Amino acid sequence: MTQANAITDVQSRRFIWSIMPLMAVVLSGFLTIGIALPVLPNHVHDTLGFGTFTVGLVTGAQFAASLLSRFYAGAYADTKGGKQAMRTGLLFTASGGVFYLLSLVFVNQPVLSVALILVGRATIGGAESFIITGAMTLGLSLFGPNNTGRVIAWVGTAMFAAFASGAPIGSFLYGNMGFLSISIVTVILPLLSMIAVKALDVSIVQTAVRGSVLKTLTTVWLPGMGAALNGVGFSALISFSVLLYAQNGWGTPWLPVSAFAVALIAARLFLGHLIDRTRGWRVGLLFTLVMAAGQSFLWAASSPWIAAFGAAMTGAGWAMVYPAFGAEAVHRVGSQNKGLAMAAYSAFPDLAIGLASPALGLIAPAGQIHAAYFWSAVMVLFAAPVAWLIGKTVAR
């Protein structure tokens, strides 16, 4: 082993041990969101007696609030520090749990009960922005510009792990102890996580300049567009893979989601360093092609295993394109407004993911779910010239 490789290995181990506490806070903070995802539709529909529109409204309230609050959360993290932003987000999450508890008092008044749940969901959605943006800002400050891509990849992995593990935990709690258990955990877990945040040995770093949202948007729009186009593929996977398996009678609806999640986590853990070594736009270009290929396999799949392979390629692609284009966004904005840069950048794929599902559902013919993957593959491919344009602007 050469001296350079030995130094790299030491730096890599130091990075892993240093970022683990930050990932643990993100994992615990987002676990409260993950446990509610499979539970709330049943509670609103079966217990409170509302239809699918209200179920969709309750589900979407969190994501809408997250998108609307993201820019303020970014500016807050830049001026107050990532650590304080995480504290604020966890406190808001616990407050959302209080609204869940209050809704149980009024179960016999379903309209009031669901209104309190909506307020809780919106509060938690705003909290999500503060937690993830604060964690990204803190991580980028701690590890410097040479680890931008790896920080985005690893912190994002903690968030996905929370969603993945939260679903079975939430289903178990709800099945055995009802919505009360979900509400109590949503209050207690964020408060315990605040203790972990306090234990992070990091001083609050304030920037001298408060960034402009409009200026930041115009600065990051190109990498944001690259992530947004790839987000169409991500949206197609999470929205239609279960229906694809059901339509073909394959009987293993969990397989594509599991393949996607395993490939995503593996790619981020083992390949995340490539972004900082080779520049984000190059990695974004390569894994855009991987993502488009994955969508193509899903479109043409003749067996559940081919479809699962396509889902795994989609997972590996999304794992890398999001932090790759994100690293380019942060580099363009500069070191003083990392939080606002991530907030503005994230808004692009967030919006695309929200719009893509209904759009793909409309253009896919009835009974031909696989057609949605043809169009998603086409949209993802448009991100390749976007990555090339980013590279051209960097070269200048």
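Computed from a predicted model, the values in this text were never measured in an experiment.

1. Some words on the overall build of the protein chain
Summing up its helical and strand segments, the protein chain has 15 helices and zero strands in all. Relative to its length of 396 residues, the protein chain is compact, with a C-alpha radius of gyration of 21 Å against a globular reference of 21 Å. Across its three principal axes, the protein chain shows a C-alpha extent of roughly 65 × 55 × 45 Å. Taking as baseline every contact in the protein chain between residues at least 6 positions apart, the subset at least 24 positions apart corresponds to 84%. Carbon and sulfur atoms make up 70% of the accessible area of the protein chain, which totals about 16900 Å². Computed over 19 positive and 8 negative side-chain charges, the inter-centroid distance for the protein chain is 8 Å.

2. Let's talk about the packing of aromatic side chains
A full pass over the atoms with the stated rule returns 13 aromatic pairs. Their ring planes at 40° and their centres at 6.2 Å tell us that Tyr72 and Tyr76 sit as a pair that is tilted. Of this pair, Tyr72 and Tyr76 both sit in helix 3 (residues 52-80), separated by four residues, roughly a single helical turn. A relative accessible area of 16% places Tyr76 in the buried class. When the centroid spacing of 5.7 Å and the interplanar angle of 45° are considered together, the rings of Trp318 and Tyr322 count as tilted. Of this pair, Trp318 and Tyr322 both sit in helix 12 (residues 304-333), four residues apart, which is roughly one turn of the helix. With respect to burial, Trp318 and Tyr322 carry one shared label: buried. Site record: aromatic cluster; members linked through ring pairs are Phe234, Phe260, Trp318, Tyr322 and Tyr345.

3. As for the nonpolar core
Counting residues in each nonpolar core, the largest one holds 107 residues, and the members touching the most others are Ile19, Leu22, Val26, Phe30, Val155, Trp318 and Met342. By residue number, the principal contributor to this core is helix 12, which donates 15 residues. In this view, Trp318 contacts Phe160, Ala227, Asn230, Gly231, Phe234, Phe260, Leu264, Arg268, Met291, Pro323, Pro349 and Ile353; residues no more than four positions away in its chain are not counted. In this structure, Tyr76, Ala77, Ala85 and Phe130 belong to the second largest nonpolar core, which totals five residues.

4. Notes on helix 9 (residues 255-271)
In a regular helix each residue adds 1.5 Å, so 17 residues correspond to 24 Å; helix 9 covers 23 Å between its end C-alpha atoms and thus fits that length. Listed in full, the buried residues belonging to helix 9 are Leu255, Pro256, Ala259, Phe260, Ala263, Leu264, Ala267 and Arg268. Among the structural elements, helix 6 (148-177), helix 8 (213-248) and helix 12 are those in contact with the buried residues of helix 9.

5. Concerning the packing of helix 11 (residues 280-300) against helix 14 (residues 370-381)
In contact at an axis separation of 8 Å, helix 11 and helix 14 are set at 165° when each is read in the N-to-C sense. On the basis of the axis angle, helix 11 is roughly antiparallel to helix 14. Handedness of the crossing formed by helix 11 with helix 14: left-handed. Residues Thr288, Leu289, Met291, Ala292, Gln295, Ser296, Leu298 and Trp299 of helix 11 form the contact with helix 14, whose participating residues are His370, Ala371, Tyr373, Phe374, Ser376, Ala377, Val380 and Leu381. In terms of residue class, the contact of helix 11 with helix 14 is built from 11 nonpolar, five polar and no charged.

6. Topic: the pattern of salt bridges
Tallied over the entire structure, the rule returns two salt bridges. Arg70 serves as the salt-bridge partner of Asp350, at 2.8 Å between the closest nitrogen and oxygen. Here Arg70 lies in helix 3 and Asp350 lies in helix 13 (residues 338-363), a separation of 280 residues in the sequence. We classify Arg70 as buried; its relative accessible area is 8%. Between Arg279 and Glu328 there is a salt bridge, with its nearest N and O atoms 2.7 Å apart. Taken as a pair, Arg279 in the loop between helix 10 (274-278) and helix 11 and Glu328 in helix 12 lie far apart in primary sequence, 49 residues in all. Arg279 gets classed as partly exposed once you look at its relative accessible area, which sits at 30%.

Cut-off values and rules
Residues numbered from 1 in each chain as written. Predicted model: local features only at pLDDT ≥ 70, side-chain atom pairs only at ≥ 80, totals over all residues. Heavy atoms only, no water. Helix = DSSP H or I, 4+ residues; strand = E, 2+ residues; numbered from the N terminus. Rg over C-alpha atoms; globule rule 2.2 N^0.38 Å. Contact = heavy atoms within 4.5 Å. Areas by Shrake-Rupley, 256 points an atom, 1.4 Å probe, with all protein chains shown as cover. Lys, Arg positive; Asp, Glu negative; His and termini not counted. Charge placed at Lys NZ, Arg CZ, Asp CG, Glu CD. Phe/Tyr/Trp six-rings, centres within 6.5 Å; stacked < 30°, edge-to-face > 60°. Buried < 20%, exposed > 50% of the residue type's maximum accessible area, 1.4 Å probe, protein only. Core = buried A, V, L, I, M, F, W, Y, C linked by side-chain atoms within 4.5 Å. Expected span 1.5 Å × (residues − 1). Axes fitted to C-alpha atoms, helices over the stretch in contact; angles between N-to-C directions. Parallel < 35°, antiparallel > 145°, perpendicular 65-115°, else oblique. Left-handed = near helix turned anticlockwise from the far one by under 90°. Nonpolar A, V, L, I, M, F, W, Y, C, P; charged D, E, K, R; others polar. Salt bridge = Lys/Arg side-chain N within 4 Å of Asp/Glu carboxyl O.

Nothing here speaks to function; it is geometry throughout.
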